[in-house]
Amino acid sequence: MKLSNRINELPYSAIRKLTPYANAAKAAGKKVYHLNIGAPDVETPQEFFDAINNLDMDVLGYAPTPGTQGLLEAMADYYKSKNIPLEAEDIIVTAGGSEALLFVLLAITDPGDEVLTCEPYYANYFTYFNETGTNIVTFPTVVENDFHLPEREVIESKITDKTRCILLSNPGNPTGAVYTKEEVYMIADIAKKHDLYILADEVYREFIFDGADYISFGSVEGIDDRMVILDSISKRYSACGARIGCVASRNKDLIAAVAKLATGRLAVPTLEMVGAEALYRMDEQYFKDVNEEYQKRRDCIYELLTNIEGVTTSKTAGAFYSIADLPVEDADDFCKWLLEEFEVDGETLMMAPAAGFYEHSEDYKSQVRIAFVLNCESLKKAMHILDEGLKAYNAR
Ligand SMILES: Cc1ncc(COP(=O)(O)O)c(C=O)c1O
(Lines give C-alpha, C1' and ligand atoms only; values in the text may rest on other atoms or scores of the structure.)
Protein backbone atom coordinates (compact mmCIF):
# COMPACT_ATOMS: atom_id res chain seq x y z
CA MET A 1 0.00 0.00 0.00
CA LYS A 2 1.12 3.53 -0.73
CA LEU A 3 2.42 5.68 2.10
CA SER A 4 2.28 9.47 2.05
CA ASN A 5 4.94 11.60 0.36
CA ARG A 6 5.21 13.34 3.70
CA ILE A 7 6.38 10.19 5.45
CA ASN A 8 8.54 9.03 2.57
CA GLU A 9 10.39 12.35 2.62
CA LEU A 10 11.00 12.23 6.38
CA PRO A 11 14.55 11.12 7.22
CA TYR A 12 15.20 8.82 10.16
CA SER A 13 16.09 10.68 13.36
CA ALA A 14 19.86 11.14 13.70
CA ILE A 15 19.48 10.20 17.35
CA ARG A 16 17.83 6.84 16.81
CA LYS A 17 18.81 5.81 13.27
CA LEU A 18 21.54 3.43 14.47
CA THR A 19 19.23 1.72 16.97
CA PRO A 20 18.91 -1.53 14.92
CA TYR A 21 22.73 -1.85 15.00
CA ALA A 22 22.77 -1.22 18.77
CA ASN A 23 20.04 -3.84 19.24
CA ALA A 24 22.04 -6.35 17.18
CA ALA A 25 25.17 -5.58 19.24
CA LYS A 26 23.22 -6.19 22.46
CA ALA A 27 21.70 -9.38 21.08
CA ALA A 28 25.27 -10.53 20.36
CA GLY A 29 26.08 -10.00 24.05
CA LYS A 30 27.85 -6.61 23.89
CA LYS A 31 27.22 -3.87 26.43
CA VAL A 32 26.42 -0.58 24.67
CA TYR A 33 27.08 2.82 26.30
CA HIS A 34 24.27 5.04 25.05
CA LEU A 35 25.65 8.49 24.43
CA ASN A 36 23.37 8.99 21.44
CA ILE A 37 20.26 10.14 23.25
CA GLY A 38 19.50 12.64 26.01
CA ALA A 39 18.01 10.09 28.38
CA PRO A 40 19.71 10.77 31.74
CA ASP A 41 20.64 8.02 34.22
CA VAL A 42 19.98 10.44 37.14
CA GLU A 43 17.27 9.04 39.44
CA THR A 44 13.80 10.50 39.03
CA PRO A 45 12.98 12.14 42.40
CA GLN A 46 11.05 9.88 44.77
CA GLU A 47 8.50 12.69 45.15
CA PHE A 48 7.14 11.80 41.70
CA PHE A 49 6.40 8.17 42.63
CA ASP A 50 5.18 9.00 46.14
CA ALA A 51 2.62 11.46 44.84
CA ILE A 52 1.18 8.81 42.52
CA ASN A 53 1.27 6.07 45.18
CA ASN A 54 -0.52 8.27 47.70
CA LEU A 55 -3.28 9.20 45.31
CA ASP A 56 -6.77 8.35 46.48
CA MET A 57 -8.77 7.93 43.27
CA ASP A 58 -11.64 5.62 42.33
CA VAL A 59 -11.94 6.33 38.62
CA LEU A 60 -9.06 7.26 36.39
CA GLY A 61 -10.95 9.74 34.23
CA TYR A 62 -9.86 12.27 31.62
CA ALA A 63 -8.09 15.26 33.14
CA PRO A 64 -9.06 18.76 31.96
CA THR A 65 -7.65 19.41 28.46
CA PRO A 66 -5.24 22.22 29.52
CA GLY A 67 -3.94 20.11 32.43
CA THR A 68 -4.90 19.67 36.07
CA GLN A 69 -5.28 22.91 38.00
CA GLY A 70 -2.74 21.71 40.58
CA LEU A 71 -0.03 21.16 37.97
CA LEU A 72 -0.78 24.42 36.14
CA GLU A 73 -0.46 26.36 39.39
CA ALA A 74 2.73 24.55 40.37
CA MET A 75 4.20 25.35 36.93
CA ALA A 76 3.20 29.03 37.24
CA ASP A 77 4.83 29.23 40.70
CA TYR A 78 7.99 27.64 39.30
CA TYR A 79 8.12 30.22 36.47
CA LYS A 80 7.60 33.10 38.89
CA SER A 81 10.47 31.76 41.01
CA LYS A 82 12.63 32.01 37.88
CA ASN A 83 11.61 35.61 37.22
CA ILE A 84 9.27 34.55 34.40
CA PRO A 85 5.86 36.12 35.07
CA LEU A 86 3.29 33.51 34.01
CA GLU A 87 -0.09 32.54 35.47
CA ALA A 88 -1.78 29.14 35.40
CA GLU A 89 -4.06 30.34 32.57
CA ASP A 90 -1.01 31.16 30.41
CA ILE A 91 -0.02 27.48 30.31
CA ILE A 92 -1.25 24.34 28.49
CA VAL A 93 0.20 21.01 29.63
CA THR A 94 1.38 18.88 26.71
CA ALA A 95 2.81 15.41 26.10
CA GLY A 96 6.40 16.61 26.49
CA GLY A 97 8.12 19.49 24.80
CA SER A 98 7.63 17.56 21.56
CA GLU A 99 3.86 17.99 21.50
CA ALA A 100 4.32 21.59 22.66
CA LEU A 101 6.30 22.35 19.50
CA LEU A 102 3.84 20.52 17.25
CA PHE A 103 0.87 22.46 18.68
CA VAL A 104 2.57 25.83 18.43
CA LEU A 105 3.67 25.22 14.83
CA LEU A 106 0.13 24.15 13.93
CA ALA A 107 -1.24 27.25 15.65
CA ILE A 108 1.01 29.84 14.01
CA THR A 109 2.01 28.50 10.58
CA ASP A 110 0.43 27.39 7.34
CA PRO A 111 2.08 24.93 4.95
CA GLY A 112 4.89 26.68 3.08
CA ASP A 113 5.64 29.11 5.91
CA GLU A 114 9.20 29.31 7.16
CA VAL A 115 10.70 28.63 10.59
CA LEU A 116 14.01 30.33 11.22
CA THR A 117 16.47 28.52 13.48
CA CYS A 118 20.19 28.07 13.96
CA GLU A 119 22.28 25.32 12.42
CA PRO A 120 22.96 22.86 14.00
CA TYR A 121 19.51 22.39 15.53
CA TYR A 122 17.77 19.66 17.52
CA ALA A 123 17.27 16.96 14.87
CA ASN A 124 13.75 16.03 15.98
CA TYR A 125 12.52 19.53 15.08
CA PHE A 126 12.62 18.27 11.52
CA THR A 127 9.82 15.78 12.22
CA TYR A 128 7.54 18.64 13.19
CA PHE A 129 8.52 20.81 10.24
CA ASN A 130 7.64 17.87 8.04
CA GLU A 131 4.33 17.16 9.82
CA THR A 132 3.23 20.78 9.59
CA GLY A 133 4.52 21.41 6.05
CA THR A 134 6.72 24.27 7.22
CA ASN A 135 10.12 24.94 5.71
CA ILE A 136 13.24 25.27 7.79
CA VAL A 137 15.61 28.16 7.15
CA THR A 138 18.85 28.28 9.12
CA PHE A 139 21.63 30.67 10.00
CA PRO A 140 25.01 29.16 10.89
CA THR A 141 26.53 28.82 14.36
CA VAL A 142 30.04 27.37 14.54
CA VAL A 143 32.19 25.48 17.02
CA GLU A 144 34.98 28.12 16.77
CA ASN A 145 32.55 30.62 18.31
CA ASP A 146 31.20 28.08 20.85
CA PHE A 147 27.99 28.02 18.78
CA HIS A 148 26.98 31.56 19.77
CA LEU A 149 24.69 33.49 17.44
CA PRO A 150 26.10 35.20 14.35
CA GLU A 151 25.81 38.95 13.68
CA ARG A 152 22.33 40.42 13.54
CA GLU A 153 22.64 41.08 9.77
CA VAL A 154 23.29 37.38 9.10
CA ILE A 155 20.10 36.42 10.93
CA GLU A 156 18.01 39.20 9.37
CA SER A 157 19.22 38.31 5.88
CA LYS A 158 17.36 34.97 6.21
CA ILE A 159 13.98 36.53 7.00
CA THR A 160 11.43 36.55 4.19
CA ASP A 161 7.72 37.38 3.99
CA LYS A 162 7.10 33.68 4.74
CA THR A 163 9.02 33.66 8.07
CA ARG A 164 6.68 33.19 11.01
CA CYS A 165 8.96 32.55 13.94
CA ILE A 166 12.45 32.18 15.30
CA LEU A 167 12.90 28.85 17.09
CA LEU A 168 15.86 28.48 19.42
CA SER A 169 16.78 25.95 22.04
CA ASN A 170 18.58 27.68 24.90
CA PRO A 171 20.67 26.06 26.36
CA GLY A 172 21.20 24.45 23.01
CA ASN A 173 20.81 20.91 21.88
CA PRO A 174 23.08 19.73 20.21
CA THR A 175 25.51 22.61 20.81
CA GLY A 176 25.47 23.19 24.59
CA ALA A 177 25.51 26.95 23.88
CA VAL A 178 23.94 29.34 26.40
CA TYR A 179 23.02 32.67 24.84
CA THR A 180 24.14 35.88 26.49
CA LYS A 181 21.77 38.64 27.55
CA GLU A 182 22.83 40.60 24.43
CA GLU A 183 21.97 37.66 22.18
CA VAL A 184 18.56 37.12 23.81
CA TYR A 185 17.72 40.82 23.49
CA MET A 186 18.97 40.88 19.90
CA ILE A 187 16.58 38.05 18.99
CA ALA A 188 13.74 39.82 20.83
CA ASP A 189 14.47 42.98 18.88
CA ILE A 190 14.63 41.19 15.52
CA ALA A 191 11.33 39.45 16.31
CA LYS A 192 9.66 42.77 17.11
CA LYS A 193 11.02 44.47 14.00
CA HIS A 194 9.88 41.67 11.67
CA ASP A 195 6.72 40.76 13.61
CA LEU A 196 7.79 37.17 14.38
CA TYR A 197 7.00 34.77 17.19
CA ILE A 198 9.88 33.61 19.37
CA LEU A 199 9.64 29.89 20.13
CA ALA A 200 11.90 29.56 23.16
CA ASP A 201 12.71 25.90 23.72
CA GLU A 202 13.99 26.06 27.28
CA VAL A 203 13.79 22.42 28.33
CA TYR A 204 17.42 22.59 29.57
CA ARG A 205 16.93 25.85 31.51
CA GLU A 206 18.32 24.40 34.75
CA PHE A 207 21.54 23.06 33.28
CA ILE A 208 23.90 26.04 33.20
CA PHE A 209 27.57 25.57 34.09
CA ASP A 210 30.31 27.68 35.68
CA GLY A 211 27.77 29.92 37.42
CA ALA A 212 26.93 31.68 34.14
CA ASP A 213 23.87 33.96 33.93
CA TYR A 214 20.85 32.59 32.17
CA ILE A 215 18.25 34.85 30.55
CA SER A 216 14.95 33.25 29.67
CA PHE A 217 12.96 34.81 26.84
CA GLY A 218 10.10 34.66 29.34
CA SER A 219 11.68 37.40 31.44
CA VAL A 220 12.24 39.82 28.54
CA GLU A 221 9.78 42.71 28.63
CA GLY A 222 7.89 44.03 25.62
CA ILE A 223 7.44 40.69 23.79
CA ASP A 224 4.30 39.40 25.55
CA ASP A 225 2.42 38.92 22.28
CA ARG A 226 5.19 36.94 20.57
CA MET A 227 7.04 35.02 23.32
CA VAL A 228 6.22 31.32 23.54
CA ILE A 229 8.03 28.95 25.90
CA LEU A 230 8.26 25.26 25.01
CA ASP A 231 9.06 23.29 28.13
CA SER A 232 9.31 19.83 29.62
CA ILE A 233 10.02 17.85 32.78
CA SER A 234 11.89 15.16 30.79
CA LYS A 235 15.38 16.47 31.44
CA ARG A 236 14.74 18.90 34.29
CA TYR A 237 13.58 16.12 36.61
CA SER A 238 14.99 13.16 34.73
CA ALA A 239 11.46 12.06 33.92
CA CYS A 240 11.54 11.45 30.14
CA GLY A 241 8.98 8.65 30.42
CA ALA A 242 6.34 10.81 32.08
CA ARG A 243 5.76 12.69 28.80
CA ILE A 244 4.84 15.94 30.50
CA GLY A 245 5.69 19.36 29.09
CA CYS A 246 3.93 22.61 28.33
CA VAL A 247 3.35 25.61 26.10
CA ALA A 248 3.48 28.87 28.05
CA SER A 249 2.76 32.33 26.68
CA ARG A 250 1.18 35.61 27.74
CA ASN A 251 -0.45 35.81 24.29
CA LYS A 252 -4.04 34.83 25.20
CA ASP A 253 -5.09 34.17 21.58
CA LEU A 254 -2.19 31.78 21.08
CA ILE A 255 -2.93 29.91 24.29
CA ALA A 256 -6.60 29.64 23.25
CA ALA A 257 -5.48 28.26 19.86
CA VAL A 258 -3.24 25.67 21.48
CA ALA A 259 -6.05 24.72 23.87
CA LYS A 260 -8.31 24.21 20.83
CA LEU A 261 -5.77 21.85 19.28
CA ALA A 262 -5.28 20.07 22.60
CA THR A 263 -8.98 19.23 22.85
CA GLY A 264 -8.41 16.92 19.85
CA ARG A 265 -6.32 14.62 22.01
CA LEU A 266 -8.58 15.18 25.04
CA ALA A 267 -5.98 15.22 27.83
CA VAL A 268 -2.50 14.09 28.84
CA PRO A 269 -2.15 11.23 31.37
CA THR A 270 -3.62 12.07 34.77
CA LEU A 271 -1.20 10.09 36.94
CA GLU A 272 1.86 11.65 35.37
CA MET A 273 0.40 15.10 36.00
CA VAL A 274 0.00 14.20 39.68
CA GLY A 275 3.66 13.14 39.81
CA ALA A 276 4.79 16.21 37.84
CA GLU A 277 2.99 18.56 40.24
CA ALA A 278 5.05 17.10 43.11
CA LEU A 279 8.24 17.63 41.09
CA TYR A 280 7.43 21.28 40.44
CA ARG A 281 6.86 21.73 44.19
CA MET A 282 10.39 20.56 45.06
CA ASP A 283 12.79 23.17 46.37
CA GLU A 284 15.72 24.83 44.61
CA GLN A 285 18.31 22.52 46.23
CA TYR A 286 17.29 19.74 43.82
CA PHE A 287 18.43 21.83 40.83
CA LYS A 288 21.69 22.76 42.57
CA ASP A 289 22.56 19.10 43.21
CA VAL A 290 21.67 17.95 39.70
CA ASN A 291 23.52 20.86 38.13
CA GLU A 292 26.62 19.98 40.10
CA GLU A 293 26.47 16.41 38.84
CA TYR A 294 26.12 17.51 35.19
CA GLN A 295 28.94 20.03 35.54
CA LYS A 296 31.13 17.21 36.83
CA ARG A 297 30.18 15.13 33.80
CA ARG A 298 30.81 18.08 31.48
CA ASP A 299 34.30 18.54 32.93
CA CYS A 300 34.88 14.82 32.62
CA ILE A 301 33.81 14.51 28.97
CA TYR A 302 35.66 17.66 27.94
CA GLU A 303 38.92 16.42 29.41
CA LEU A 304 38.46 12.91 28.01
CA LEU A 305 37.61 14.13 24.52
CA THR A 306 40.42 16.66 24.30
CA ASN A 307 42.89 13.93 25.29
CA ILE A 308 41.98 11.79 22.28
CA GLU A 309 44.29 12.44 19.36
CA GLY A 310 42.66 14.24 16.46
CA VAL A 311 39.40 15.04 18.28
CA THR A 312 38.26 18.64 18.67
CA THR A 313 35.34 19.86 20.74
CA SER A 314 34.16 22.96 22.61
CA LYS A 315 33.43 23.29 26.31
CA THR A 316 29.70 22.88 26.77
CA ALA A 317 28.18 25.85 28.64
CA GLY A 318 24.75 24.31 29.29
CA ALA A 319 22.47 21.32 28.61
CA PHE A 320 24.28 17.98 28.40
CA TYR A 321 25.59 17.62 24.87
CA SER A 322 28.95 18.06 23.17
CA ILE A 323 29.66 18.17 19.47
CA ALA A 324 32.98 16.49 18.71
CA ASP A 325 34.84 16.55 15.42
CA LEU A 326 36.46 13.16 14.85
CA PRO A 327 39.46 12.22 12.69
CA VAL A 328 37.25 10.20 10.33
CA GLU A 329 35.69 11.07 6.99
CA ASP A 330 32.25 9.72 7.72
CA ALA A 331 31.11 9.63 11.36
CA ASP A 332 27.95 7.79 10.33
CA ASP A 333 30.01 4.89 9.03
CA PHE A 334 32.32 5.00 12.06
CA CYS A 335 29.40 4.94 14.56
CA LYS A 336 27.86 1.99 12.71
CA TRP A 337 31.23 0.20 12.67
CA LEU A 338 31.65 0.72 16.44
CA LEU A 339 28.36 -1.08 16.99
CA GLU A 340 28.80 -3.80 14.39
CA GLU A 341 32.46 -4.65 14.49
CA PHE A 342 34.20 -3.20 17.50
CA GLU A 343 34.36 -3.91 21.20
CA VAL A 344 36.68 -3.52 24.16
CA ASP A 345 36.15 -6.30 26.71
CA GLY A 346 32.65 -6.95 25.35
CA GLU A 347 31.64 -3.26 25.43
CA THR A 348 31.05 -0.62 22.77
CA LEU A 349 29.33 2.74 22.44
CA MET A 350 26.62 4.47 20.48
CA MET A 351 26.83 8.14 19.46
CA ALA A 352 24.65 10.27 17.19
CA PRO A 353 26.28 11.25 13.87
CA ALA A 354 25.94 15.04 13.94
CA ALA A 355 25.23 15.55 10.23
CA GLY A 356 21.55 14.91 10.99
CA PHE A 357 21.51 18.08 13.10
CA TYR A 358 22.55 20.24 10.16
CA GLU A 359 20.61 21.49 7.17
CA HIS A 360 23.85 21.44 5.14
CA SER A 361 24.76 17.99 6.42
CA GLU A 362 27.45 17.21 3.79
CA ASP A 363 29.80 19.72 5.42
CA TYR A 364 29.67 18.11 8.87
CA LYS A 365 30.13 14.42 8.19
CA SER A 366 33.04 14.05 10.62
CA GLN A 367 31.09 15.29 13.68
CA VAL A 368 29.20 13.36 16.35
CA ARG A 369 26.93 14.53 19.12
CA ILE A 370 27.68 13.06 22.52
CA ALA A 371 25.06 13.18 25.27
CA PHE A 372 26.90 13.09 28.61
CA VAL A 373 23.97 11.53 30.41
CA LEU A 374 25.99 8.76 32.09
CA ASN A 375 28.13 9.03 35.22
CA CYS A 376 31.87 9.81 34.98
CA GLU A 377 32.88 6.19 35.47
CA SER A 378 30.82 5.13 32.44
CA LEU A 379 32.00 8.16 30.44
CA LYS A 380 35.60 7.15 31.07
CA LYS A 381 34.96 3.64 29.78
CA ALA A 382 33.03 4.96 26.77
CA MET A 383 35.78 7.44 25.82
CA HIS A 384 38.40 4.72 26.12
CA ILE A 385 36.36 2.69 23.63
CA LEU A 386 36.16 5.76 21.36
CA ASP A 387 39.93 6.27 21.55
CA GLU A 388 40.73 2.63 20.79
CA GLY A 389 37.98 2.52 18.18
CA LEU A 390 39.38 5.51 16.27
CA LYS A 391 42.84 3.93 16.18
CA ALA A 392 41.52 0.58 14.96
CA TYR A 393 39.10 2.14 12.41
CA ASN A 394 41.75 4.36 10.88
CA ALA A 395 44.31 1.51 10.77
CA ARG A 396 42.05 -0.78 8.74
C1 LIG B 1 15.92 20.80 22.62
C2 LIG B 1 14.85 19.82 22.95
N3 LIG B 1 13.57 20.21 22.88
C4 LIG B 1 12.56 19.38 23.13
C5 LIG B 1 12.79 18.07 23.47
C6 LIG B 1 11.61 17.22 23.69
O7 LIG B 1 11.62 16.48 24.82
P8 LIG B 1 10.30 15.84 25.45
O9 LIG B 1 9.31 15.64 24.36
O10 LIG B 1 10.77 14.59 26.08
O11 LIG B 1 9.84 16.85 26.43
C12 LIG B 1 14.11 17.60 23.55
C13 LIG B 1 14.40 16.19 23.85
O14 LIG B 1 15.50 15.72 23.77
C15 LIG B 1 15.16 18.50 23.27
O16 LIG B 1 16.44 18.12 23.33
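These numbers were taken from a predicted model, which means no experiment stands behind them.

What follows covers the domain arrangement of the protein. Examined at the domain level, the protein breaks down into domain 1 (5–43 + 286–394) and domain 2 (60–280). Each of domain 1 and domain 2 was reduced to a C-alpha centroid, and the two centroids are 26 Å apart. The interface of domain 1 with domain 2 comprises 36 residues on the first partner and 36 residues on the second. Of the roughly 3000 Å² buried where domain 1 meets domain 2, counting both sides, 57% is carbon and sulfur surface.

A separate point is the packing of aromatic side chains. Applying the stated criterion across every chain, the model contains 22 aromatic pairs. The interplanar angle of 75° and the centroid separation of 5.3 Å between the aromatic rings of Tyr78 and Tyr280 together place this pair among those described as edge-to-face. Placement of Tyr78 in helix α4 (residues 69–81) and of Tyr280 in helix α10 (residues 270–280) is noted, with a sequence separation of 202 residues between them. We note that Tyr78, like Tyr280, is buried. With a centroid separation of 6.5 Å and an interplanar angle of 55°, the aromatic rings of Tyr204 and Phe207 are classed as tilted. You can call Phe207 buried: its relative accessible area is 1%. What links up through ring pairs into an aromatic cluster is the set Tyr78, Tyr79, Tyr237, Tyr280, Tyr286 and Phe287.

Moving on, we get to helix α8 (residues 181–194). Here α8 spans 20 Å end to end across 14 residues, near enough to the 20 Å set by a 1.5 Å rise per residue. Buried residues of α8: Glu183, Val184, Met186, Ile187, Ala188, Ile190 and Ala191, and no others. Residues of α8 that are buried sit in contact with α7 (152–156), β5 (163–169) and β6 (197–201). Looking one or two residues beyond α8, the residue adopting positive phi is Asp195, at roughly 55°.

This brings us to the side chain of Thr65. Turning to its location among the elements, Thr65 is positioned in the loop between α3 (46–53) and α4. Polar side-chain contacts of Thr65 include one of 2.7 Å to the backbone oxygen of Leu266. In contact with Thr65, not counting residues within four places along its chain, are Val93, Ala259, Ala262, Thr263, Arg265 and Leu266.

With that settled, the discussion passes to the sheet that holds strand β2 (residues 91–94). Taken together, seven strands build an open sheet; the order of strands is β2-β8-β7-β6-β5-β3-β4 and the sheet is mixed. Two strands in the sheet have a free side with no partner beyond their single neighbour: β2 and β4 (135–140). Averaged over neighbouring strand pairs, the angle between their axes works out to 25° when direction is ignored. With six bridges connecting them, strand β3 (residues 114–119) and β4 associate as parallel partners.

The buried fraction of strand β7 (residues 227–232) is high, at six of six residues. Judged by which residues are buried, β7 turns out to be covered on both faces: Met227, Ile229 and Asp231 on one side and Val228, Leu230 and Ser232 on the other are all buried. Two elements, β6 and β7, share four bridges in a ladder whose sense is parallel. Within the sheet, the bridge partner assigned to Leu199 lies in β7 and is Val228. Bridge analysis of β7 against strand β8 (residues 245–248) gives four bridges, and the strand direction is antiparallel. Considered in β8, the bridge of Ile229 is made with Ala248.

Our next topic: the state of the cysteines. Two cysteines, two sulfur atoms, one covalent bond between them: this is a disulfide. Applying the stated criterion to the full structure yields zero disulfides. Left unpaired, Cys240 is separated from the closest cysteine sulfur, that of Cys246, by 16 Å. The partly exposed category is assigned to Cys240, whose relative accessible area is 28%. Left unpaired, Cys335 is separated from the closest cysteine sulfur, that of Cys300, by 20 Å. For Cys335, a relative accessible area of 2% gives the class buried.

Taken in spatial order, the four strands line up as β9-β10-β13-β12 in an open sheet, and their pairing is antiparallel. Lying at the two open borders of the sheet, with one neighbouring strand each, are β9 (312–313) and β12 (352–353). Relative to strand β13 (residues 367–371), β12 is paired through two bridges, and the arrangement is antiparallel. By the bridge assignment, Pro353 is partnered in β13 with Val368.

Parameters and conventions
Residues numbered from 1 in each chain as written. Predicted model: local features only at pLDDT ≥ 70, side-chain atom pairs only at ≥ 80, totals over all residues. Heavy atoms only, no water. Domains from an automatic or database assignment. Contact = heavy atoms within 4.5 Å. Buried area = accessible area lost by both parts, 1.4 Å probe. Phe/Tyr/Trp six-rings, centres within 6.5 Å; stacked < 30°, edge-to-face > 60°. Helix = DSSP H or I, 4+ residues; strand = E, 2+ residues; numbered from the N terminus. Buried < 20%, exposed > 50% of the residue type's maximum accessible area, 1.4 Å probe, protein only. Expected span 1.5 Å × (residues − 1). Polar contact = N/O pair within 3.5 Å; in protein donor to acceptor, adjacent residues only side chain to side chain. Pairing = 2+ DSSP bridges. Axes fitted to C-alpha atoms, helices over the stretch in contact; angles between N-to-C directions. Disulfide = S-S within 2.5 Å.

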